[in-house]
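# Residue-level structural notes
Below are the chains, spelled out letter by letter.
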Amino acid sequence: MAMQLKVSSIVCDGCADTITKAITELDPGAKVNINVETKEVSAETSASENAVREAIAAKGHTVE
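Residues numbered from 1 in each chain as written. Predicted model: local features only at pLDDT ≥ 70, side-chain atom pairs only at ≥ 80, totals over all residues. Heavy atoms only, no water.

## Some thoughts on the nonpolar core
Ile19, Ile23, Val41 and Ile56 are the most contacted members of the largest nonpolar core, which has 16 residues in total. Secondary-structure elements contributing two or more residues to this core are strand E1 (2–6), helix H1 (13–26), strand E3 (40–44) and helix H2 (49–58). Once you skip the residues sitting within four places of it in the chain, Ile56 turns out to touch Leu5, Val7, Ile19, Ala22, Ile23, His61 and Val63. (Core = buried A, V, L, I, M, F, W, Y, C linked by side-chain atoms within 4.5 Å. Buried < 20%, exposed > 50% of the residue type's maximum accessible area, 1.4 Å probe, protein only. Helix = DSSP H or I, 4+ residues; strand = E, 2+ residues; numbered from the N terminus. Contact = heavy atoms within 4.5 Å.)

This is how it looks when you write it as structure tokens:
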């Protein structure tokens, strides 16, 4: 399932790496693309959107 999320707490590439890791822990085959400037996360994953939102939040990030 493809999803687009706005994560307002992204400020650097380290944040992007943390979020990518959170998503790939749920689905190792997930394809994740993060734009640090626009704070947008695009993911192609078999995990549900709620699970992805919760995984990102568990790493301390804010999903809008």
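## Some details on the sheet that holds E3
Sheet architecture is open: three strands sit in the order E1-E3-E2, paired in antiparallel fashion. This sheet does not close on itself; its edge strands, each paired only once, are E1 and strand E2 (31–35). For this sheet, the mean angle separating the axes of adjacent strands, direction not counted, is 15°. Each of E2 and E3 is contacted by H1, which is oriented at about 155° to E2, the strand it contacts most. (Pairing = 2+ DSSP bridges. Axes fitted to C-alpha atoms, helices over the stretch in contact; angles between N-to-C directions.)

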